[in-house]
Amino acid sequence: MASRNGLKTATARGFQTIIATHEHTYFDQYQADPKQEPLAIGGLTTVEDVYTATLTPPSSPTSRHHC
């Protein structure tokens, strides 16, 4: 995982960079009721949370986004 300074350096140098936000893309968390799930590190991230997440930072210029 890149540090914030590493991210700034990579984007400033023009590298295409993917940012994975912890709360929506860290899949070692519970996906449903913790009482009925295998042991996980903690937190709850449902499939709905992942599919409905807005992963594009609002401050990023759209011209720099690649699909």
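Residues numbered from 1 in each chain as written. Predicted model: local features only at pLDDT ≥ 70, side-chain atom pairs only at ≥ 80, totals over all residues. Heavy atoms only, no water.

Participant: Run through the overall build of the chain, naming residues and quoting values.
Facilitator: For the chain, the helix and strand inventory stands at three helices and zero strands. Listed N to C, the secondary structure of the chain is α-α-α in terms of helices and strands. A burial count over the chain gives 7% of its 67 residues as buried. Taking the contacts inside the chain whose residues are at least 6 apart along the sequence as the reference set, 18% of them involve residues at least 24 apart. Accessible surface computed for the chain: about 6000 Å², of which carbon and sulfur atoms make up 56%. (Helix = DSSP H or I, 4+ residues; strand = E, 2+ residues; numbered from the N terminus. Buried < 20%, exposed > 50% of the residue type's maximum accessible area, 1.4 Å probe, protein only. Contact = heavy atoms within 4.5 Å. Areas by Shrake-Rupley, 256 points an atom, 1.4 Å probe, with all protein chains shown as cover.)

Participant: Before we move on, could you go through the confidence of the model for the chain and cite the residues and values that matter?
Facilitator: Residues with a pLDDT of 70 or more make up 75% of the chain, whose mean pLDDT is 76. Confidence scores differ between elements of the chain, with helix α2 (residues 22–25) showing the lowest mean pLDDT of 74 and helix α3 (residues 47–52) the highest of 86. (pLDDT = per-residue confidence, 0-100.)

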